[in-house]
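Given next are the chains, with one letter for each unit.
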Amino acid sequence: MAVEELHSIITRCQILEEQDFKEEDFGLFQLAGQRCIDEGHIDELLEIIQNEENKVIIKNMGWNLVGPVVRYLLWNDKEHDKRKYYFLMLDLLVKLCNPKELLLGLLELIEEPSGKQISQIILLLLRPLQTVIQKLRNNKAYSVGLALSTLWSQLSLLPVPYSKEQIQADDYGLCQCCKALIEFTKPFVEDVIDNKESSVENEKLKDEILKFCFRSLKCPLLTAQFLEQSDDTGDDPLRCFASEIIGFLSAIGHPFLKMIFNHGRKKKTWDYLEFEEEEDKQLSDSMASLAYLVFVQGISIDQLPMVLSPSYLLQFNMGHIEVLLQRTEESVFSKGLYLLENGLLRIEDNSLLHQYLEIKSFLTVPQGLVKVMTLCPTETLRKKGLAVLQLYINKLDPQGKYTLFRCLLNTSNHSGVEAFIIQNIKNQIDMSLKRTYNKWFTGPQLISLLDLVLFLPEGAETDLLQNSDRIMASLNLLRYLVIKDNENDNQTGLWTELEKIENNFLKPLHTGLNMSKAHYEAEIKNSQEVQKSKDLCSITVGREEIPNMPPEMQLKVLHSALFTFDLIESVLARVEELIEIKTKSTSEENMG
């Protein structure tokens, strides 16, 4: 029935001129063709398509059959006997139909599916889509851009595999699609290369390929994890995709070196297409991704001029590192850690000039490291952030270290980080006293820095438990200064500032300890009474109420807090003892 109905429509249309085809004819042709496919009349349908007398009809109406054919190929078993005939029909329709209508039809089909079917339909239609675009005579650049944009939009919906096992399994087909997408794009890149004349159409095509490269650098490459270099990197499909994308950039006249170093400048020395405001953020992400691929993964790094100094390379990568560290995804900000580490390892210790800290990113990047150290849920990345921050400190010259310490003490708002900085200050003072004198960690400059260290932010009311790391580090620094610097020498300036230190730090600390211990001892007494009644209760620790805690656990928390206060008190007592011994000894020497 369906075949007869289709023959009837074709017979009626054969006597019409092409321009006389009506909308009704298109609809009837599509319905009859769809029924032929549904009922399995594939041989009769192929015969109709291949009939030379139906050439004009198929050219104008045949594209309506592509959807049903594609859906059949997606939904039916791959072992089905008739699949080869449907593939043949798809090839014939691509060859015979109006390429403009076919292009829009294929792109609509690509946009339809979700989940795992996204990759299936992309892999099925990439070659037909490539053929159709190559048949177009006009607006080829626009068609390439439309196709690449549609394909990228669909690919961006697929989850990016992270582990080696996920990459090899490729459950959602992203890796296969990336490989196929490179093959799809290559002929259009070759068109740009072969067209030596700078025609308007060729420039438009170049821009569309450039857009696609930028989008690919952001997704999937910004979040993609790559196999270890020691592994067979030739088997890493995402790394191969990245390498091809960077190759495309060079091929169309935009080598990576030019782009990385000029992105973000007020005056650009490379002329890329004007992005909309929304796309400018994408461009920053793309350039950061590109920098990581080149400097950390080593893709095309052999194109890097050897004359570029390590500090120069770090300066131009700092903006990209800042972009990566601002992201919240571990797969992205971890790349910022590795890109920064890569740049710092090229630089000698104490050689990074303090003037670099006048560049905004040289201060915002270490603040980004602090966020990783304090907020990241993954311990290995927190430790990595700490190690990279220490490496950064080691590379700065003395004035640079001094400036960074002041910045982080003022901005970190985290007791553990402040303790880490105070330990670094102690190390710098030690080197200055033992090895090479520098004015930044002795005398007036050091005293200015110690003003940020040897004080309690809220006086005696400071939460000592929450600030215990910082307080212990400060006391240990003060103990070191008292031991190493004699009052008569006063190299650090400590002894002239001792009265201020006692008033701003030691006395308020005494008061705070007495208040805190009294509070926690009262809480312990209360908890012990509650324990006898076997009820659940709430306690206040660090000014925050912890509800419904079993009494046994509550007592453990409270005793732990008291232990911390006892530890602080013992170090405080030792510091005060040392101060008394030193001042008494100096007084006796002066009298003698």
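Note: the structure precedes this text.
Just so you know, these numbers come straight off a predicted model, no measurement behind them.

Rules used throughout
Residues numbered from 1 in each chain as written. Predicted model: local features only at pLDDT ≥ 70, side-chain atom pairs only at ≥ 80, totals over all residues. Heavy atoms only, no water. Helix = DSSP H or I, 4+ residues; strand = E, 2+ residues; numbered from the N terminus. Buried < 20%, exposed > 50% of the residue type's maximum accessible area, 1.4 Å probe, protein only. Areas by Shrake-Rupley, 256 points an atom, 1.4 Å probe, with all protein chains shown as cover. Phe/Tyr/Trp six-rings, centres within 6.5 Å; stacked < 30°, edge-to-face > 60°. Core = buried A, V, L, I, M, F, W, Y, C linked by side-chain atoms within 4.5 Å. Contact = heavy atoms within 4.5 Å. Axes fitted to C-alpha atoms, helices over the stretch in contact; angles between N-to-C directions. Parallel < 35°, antiparallel > 145°, perpendicular 65-115°, else oblique. Left-handed = near helix turned anticlockwise from the far one by under 90°. Nonpolar A, V, L, I, M, F, W, Y, C, P; charged D, E, K, R; others polar. Salt bridge = Lys/Arg side-chain N within 4 Å of Asp/Glu carboxyl O.

## Structural notes on the overall build of the chain
Each helix and strand in the chain was counted, giving 25 helices and two strands. Across the 592 residues of the chain, 49% fall into the buried class. With an accessible surface of roughly 29,500 Å², the chain has 49% of that area assigned to carbon and sulfur atoms.

## Some points on the packing of aromatic side chains
The tally for this structure, following the rule as stated, stands at nine aromatic pairs. Residues Y72 and Y86 carry aromatic rings whose centres are separated by 3.7 Å and whose planes lie at 15° to one another, so their mutual orientation is stacked. Placement of the pair is Y72 in helix α5 (residues 66-75) and Y86 in helix α6 (residues 83-96), with a sequence separation of 14 residues. Assigned by exposure class, Y72 and Y86 land together as buried. Aromatic pair F184 and F188: ring centres 5.5 Å apart, planes at 65°, arrangement edge-to-face. With F184 and F188 both in helix α11 (residues 174-194), this residue pair falls four residues apart, about one helical turn.

## Topic: the nonpolar core
Residues L129, F184, L290, I425, L475 and L509 are the most contacted members of the largest nonpolar core, which totals 182 residues. A total of 11 residues in this core trace back to one element, the largest contributor, which is helix α25 (residues 551-591). Among residues more than four places away in sequence, those in contact with L475 are F505, L506, L509, I568, V571, L572 and V575.

## Here we look at the environment of C376
Summarising the element assignment, C376 is placed in the loop between α18 (361-375) and α19 (379-395). Residue classification places C376 among the buried residues on the basis of a relative accessible area of 6%. Measuring from C-alpha to C-alpha, the distance between C376 and T328 comes to 8.8 Å, with 48 residues separating the pair along the chain. In this structure, C376 is in contact with E330, F333, K371, L381 and R382, ignoring residues within four places of it in sequence.

## Thoughts on the packing of helix α17 (residues 330-344) against α19
Running from N to C, α17 and α19 point in directions that differ by 30°, and their axes come no closer than 10 Å. The orientation of α17 with respect to α19, classified from their angle, is roughly parallel. Pair α17 / α19 crosses with left-handed handedness. Here E330, F333, S334, L337, Y338, L340, E341 and L344 of α17 come into contact with α19, specifically with L381, K384, G385, V388, L391, Y392 and K395. In the contact of α17 with α19, the residues fall into nine nonpolar, two polar and four charged.

## Quick word on the pattern of salt bridges
Throughout the structure, instances matching the rule amount to 18 salt bridges. E112 is paired through a salt bridge with R71; the nearest N and O atoms lie 2.9 Å apart. Taken as a pair, E112 in the loop between α7 (99-111) and α8 (117-135) and R71 in helix α5 lie far apart in primary sequence, 41 residues in all. Between D451 and K500 there is a salt bridge, with its nearest N and O atoms 3.0 Å apart. Taken as a pair, D451 in the loop between α22 (443-450) and α23 (468-484) and K500 in helix α24 (residues 498-533) lie far apart in primary sequence, 49 residues in all. Put simply, K218, D285, R327 and E329 are held in one network by salt bridges that share partners.

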